[in-house]
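# Geometric and topological summary
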Amino acid sequence: MSDKYGRKPLLISTITGNCLCYLALAFAPNIWVAFAIRLVGGLAAGNGAVVQGYIADVTPPEKRARLLSYQGAAWNVGLIFGPMVGGLFAHPDAGPVGFRIPLFMASGLAALCVVAIAVFIKESRVREQAITHRPSRWAAISDAVGHPVIGRLMLLTFLVGFAFTGIESTFGLWSQAKFGWGPREIGVCFAFTGAAAALTQTFLTGRLSEKYGAGKMLAIGMGLTVVAAAGQTLSPGGGVTIALMCLTAIGQSVAWPNVSAMISQTADPYRQGQILGLNNATGALARVVGPFCAGLIFPVLLDGPFIMGALVVAPAIFLALAASRRAAAQLAAEKQTASTS
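So, a few notes on the structure that sits alongside this text. Worth saying up front: this structure is predicted, and the values here are computed from it rather than measured. (Residues numbered from 1 in each chain as written. Predicted model: local features only at pLDDT ≥ 70, side-chain atom pairs only at ≥ 80, totals over all residues. Heavy atoms only, no water.)

### Thoughts on the packing of aromatic side chains
The description of an aromatic ring pair rests on the distance of the ring centres and on the angle between the ring planes. Going through the model one piece at a time under the given rule, you end up with 9 aromatic pairs. Here Trp174 and Phe179 contribute two aromatic rings whose centre-to-centre distance is 5.3 Å and whose plane-to-plane angle is 85°, an arrangement assigned as edge-to-face. Overall, Trp174 belongs to the buried group, its relative accessible area being 0%. Ring geometry for Phe179 and Trp181: centres 5.9 Å apart, planes at 45°, overall tilted. Linked through ring pairs, Phe171, Trp174, Phe179, Trp181, Phe190 and Phe306 together constitute an aromatic cluster. (Phe/Tyr/Trp six-rings, centres within 6.5 Å; stacked < 30°, edge-to-face > 60°. Buried < 20%, exposed > 50% of the residue type's maximum accessible area, 1.4 Å probe, protein only.)

Below, the structure written as structure tokens:
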């Protein structure tokens, strides 16, 4: 929709929806109403592809990996500080009312974002009136899956998302069963993991991608993820486990911005938002299937989620290299066509 109606209106409408949902959640009378509100809020929160599309619109192709990595870093910083701030202002002893302050804060921050977008952000998408036809959702999926670059990148997104969310969802149970860890140790581990991801995306991902190419860094990120997942099966716990989880986060942080950058470079400019949205939907599907499969294998084999993750991500290295070669060939062909026309 952002390809047709513009990025700015979609961002304002979805964030406004979140603002109202957080406010409504503070006054939810029962758990079922809370579930319904969260469902609507989750639908409104699916605007990551709109942000990625905006970044792609206003950024030269060679700089997109850097800017998209900054977006990922901001997301990780939010995941670190958001729960911390919410925990500081929540008052469990007061019952349900004690959790209203964090919800009011979330609603207020969303409202502040809406005002900032309305005042400071200029629309990046100016659709040409001559382009009136857009393929249906199913036709778009078929086109994306059959594309020699985008199809491979979407499969990579699913495989890696499947593995990482499977590991993440069972990590607490795994560390408790294997090392006797409690909430404190698990929280410390995830805090280090989030910090490692944010620092990598802020200071390394963009520079490395610009120097060595998005495809190579994507493959390296997948390789780091495989090594870290396999290494956890031999970890003695403590600092080694935290270090390997940080290595997993670093691998993911090196890889993901390059996926979006390569898609934005090879997709039809007038369908960037649509294709990036499909890729994000693929990642969302992985976040459903990955934890489900990891939950099935964990009771049978303690290290199963890590072994499964390493085996699933390993082929993604070759997908990354193949997509990189195809993308380079496509860009070269487009440049040659432009020079002769």
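Still more ground to cover, so stick around.
### A look at the pattern of salt bridges
A side chain of one charge can pair with a side chain of the opposite charge when the charged atoms of the two come close. Scanning all chains against the criterion turns up 5 salt bridges. Across the pair Arg7 and Asp57 runs a salt bridge, and its minimum N-O distance is 2.8 Å. Taken together, the residues Arg7 in helix α2 (residues 7-25) and Asp57 in helix α4 (residues 48-58) connect sequence positions 50 residues apart. Residue Asp57 is classed as partly exposed on the basis of its relative accessible area of 25%. The closest approach of N and O atoms between Asp143 and Arg271, which form a salt bridge, is 3.8 Å. Here the residue Asp143 occupies a position in helix α7 (residues 137-146), and Arg271 occupies one in the loop between α12 (238-266) and α13 (272-297), the gap between them amounting to 128 residues. Residue classification places Arg271 among the buried positions, given a relative accessible area of 15%. (Salt bridge = Lys/Arg side-chain N within 4 Å of Asp/Glu carboxyl O. Helix = DSSP H or I, 4+ residues; strand = E, 2+ residues; numbered from the N terminus.)

### Section: the nonpolar core
Judged by nonpolar contacts, the single largest core of 49 residues is most densely connected at Leu153, Leu156, Phe171, Leu218, Met222, Met262 and Ile275. When residues of this core are assigned to their parent elements, the largest contribution, 11 residues, is made by helix α8 (residues 150-179). Ignoring sequence-local partners within four residues, the contact set of Leu153 consists of Leu218, Val259, Met262, Ile263, Asn279 and Ala323. In this structure, Leu11, Ile15, Ala110 and Ile117 belong to the second largest nonpolar core, which totals 8 residues. (Core = buried A, V, L, I, M, F, W, Y, C linked by side-chain atoms within 4.5 Å. Contact = heavy atoms within 4.5 Å.)

### Details of the packing of α8 against helix α11 (residues 214-232)
Relative placement of two packed helices is described by the angle separating their axes and the distance separating the axes. Axis separation between α8 and α11 bottoms out at 12 Å; the angle between their running directions is 25°. The pairing of α8 with α11 is recorded here as roughly parallel in orientation. Viewed along their axes, α8 and α11 form a crossing whose handedness is left-handed. Residues Leu153, Leu156, Val160, Ile167, Trp174 and Lys178 of α8 form the contact with α11, whose own contacting residues are Leu218, Met222, Ala229 and Gln232. In terms of residue class, the contact of α8 with α11 is built from 8 nonpolar, 1 polar and 1 charged. (Axes fitted to C-alpha atoms, helices over the stretch in contact; angles between N-to-C directions. Parallel < 35°, antiparallel > 145°, perpendicular 65-115°, else oblique. Left-handed = near helix turned anticlockwise from the far one by under 90°. Nonpolar A, V, L, I, M, F, W, Y, C, P; charged D, E, K, R; others polar.)

### Overview of the side chain of Gln201
Its location among the elements puts Gln201 in helix α9 (residues 183-203). Residues in contact with Gln201, not counting those within four places in the same chain, are Ser69, Tyr70, Gly72, Ala73, Asn76, Ser253 and Pro257.

### Some remarks on helix α3 (residues 31-44)
Residues separated by three or four positions in an α-helix point in the same direction, a consequence of the helix having 3.6 residues per turn. Taking 1.5 Å of rise per residue, the 14 residues of α3 would be expected to cover 20 Å, and the 20 Å separating its terminal C-alpha atoms lies within 8% of that figure. Of all the residues in α3, the buried ones are Ala34, Ile37, Gly41 and Ala44. On an axial view of α3, the arc spanned by its buried residues comes to 75°, and they lie on one face. Across from the buried face of α3, at angles greater than 90 degrees, the exposed residues are Trp32, Leu39 and Leu43. Buried-residue contacts for α3 involve α2. N-capping of α3 is provided by Asn30, with a side-chain oxygen placed 3.1 Å from the backbone N of Trp32. (Expected span 1.5 Å × (residues − 1). Arc of directions from axis to C-beta. Polar contact = N/O pair within 3.5 Å; in protein donor to acceptor, adjacent residues only side chain to side chain.)

### Notes on the layout of surface pockets
Taking a probe equal in size to a water molecule and rolling it over the atoms shows the remaining empty space. Here the second largest pocket defines a volume of roughly 400 Å³. Lining of the second largest pocket is provided by 18 residues; of these, Pro61, Gly213, Ala214, Gln265 and Leu331 occupy positions nearest its centre. If you list the elements that add at least two residues to the lining of the second largest pocket, you get α10 (205-212), α11, α12 and α14 (304-340). Residue contributions to the lining of the second largest pocket peak at 5 residues, all from α14. Of the residues in the lining of the second largest pocket, the class split is 9 nonpolar, 5 polar and 4 charged. (1 Å grid on protein atoms, 1.4 Å probe; cavity = no way out; pocket = protein on both sides within 12 Å on 5 of 7 lines; lining within 4 Å. Points joined across faces, edges and corners; volume = space filled by probe spheres on them.)

### Quick look at α8
With 30 residues, α8 should cover 44 Å at 1.5 Å per step; its first-to-last C-alpha distance of 41 Å lies within 8% of that length. At Phe171, α8 shows its maximal kink, close to 55°. Phi turns positive one or two residues past the end of α8, at Gly180, with a value near 70°. (Bend = angle between axes of the 7 residues up to and from the residue.)

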